[in-house]
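Now for the letters of each chain:
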Amino acid sequence: MISAQTFEEDPLALDRQVCFALSIASRNVVALYRPLLEPMGLTHPQYLVMLALWGEAPLSVKELSHLLALEPATLSPLLKRLESVGYLTRSRATSDERRLAVDLTGKGAALREQALAIPPAVVERLGMTLAELQDLHTALTRVITATDRS
């Protein structure tokens, strides 16, 4: 018979696994964004692309790929979809035909104003203080750094 103490000490107990907690937290947090992003016509991965571009456009696909920690093959369909709805453009750089530049359109830049309501809505829905969220961000950034294979 397994005692409560043995269960607590079990290194394979599901509820003690960092990967399990991260997986559930990630899925649940992304789900919080869904109803906030739908009126903007964005999925969460598309929102991340837009955040990067709102911060620093234009960017090359390579730069965008690095910022988002996504392979260019994963990023390409996101960019195509955002281009098809008129939020960004993709064009070859005149100085280097190999470089694909991604830039916001007026419509994409204007969407930033609507997006300003998203962070406070997420904070409210999480029910955590800004200090708690900053501490969580710091801890997650350390995890990302420790696991980065690039």
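Before going into details, it helps to say that this report is about the structure given with it. Worth saying up front: this structure is predicted, and the values here are computed from it rather than measured. (Residues numbered from 1 in each chain as written. Predicted model: local features only at pLDDT ≥ 70, side-chain atom pairs only at ≥ 80, totals over all residues. Heavy atoms only, no water.)

**Considerations on the pattern of salt bridges**
Considering all chains together, one arrives at two salt bridges under this definition. Residue R99 is joined to E63 by a salt bridge in which the shortest nitrogen-to-oxygen separation is 3.6 Å. Of this pair, R99 sits in the loop between β2 (88-92) and β3 (100-104) while E63 is found in helix α4 (residues 61-68), placing the two residues 36 residues apart along the sequence. Owing to a relative accessible area of 32%, R99 belongs among the partly exposed residues under this scheme. Where E83 meets R90, a salt bridge forms, and the shortest distance between an N and an O atom there is 3.0 Å. With relative accessibility at 29%, the residue E83 sits in the partly exposed group. (Salt bridge = Lys/Arg side-chain N within 4 Å of Asp/Glu carboxyl O. Helix = DSSP H or I, 4+ residues; strand = E, 2+ residues; numbered from the N terminus. Buried < 20%, exposed > 50% of the residue type's maximum accessible area, 1.4 Å probe, protein only.)

**Brief notes about the packing of helix α2 (residues 18-37) against helix α7 (residues 118-126)**
Taken N-terminus to C-terminus, the directions of α2 and α7 make an angle of 135 degrees; their axes are 10 Å apart at the nearest point. As the angle between them shows, α2 and α7 are arranged oblique. Both α2 and α7 take part in a crossing whose hand is right-handed. Packed against α2, whose contacting residues are V29, L32, Y33, P35, L36 and L37, the element α7 presents I118, A121, V122, R125 and L126 at the interface. In the contact of α2 with α7, the residues fall into ten nonpolar, no polar and one charged. (Axes fitted to C-alpha atoms, helices over the stretch in contact; angles between N-to-C directions. Parallel < 35°, antiparallel > 145°, perpendicular 65-115°, else oblique. Left-handed = near helix turned anticlockwise from the far one by under 90°. Contact = heavy atoms within 4.5 Å. Nonpolar A, V, L, I, M, F, W, Y, C, P; charged D, E, K, R; others polar.)

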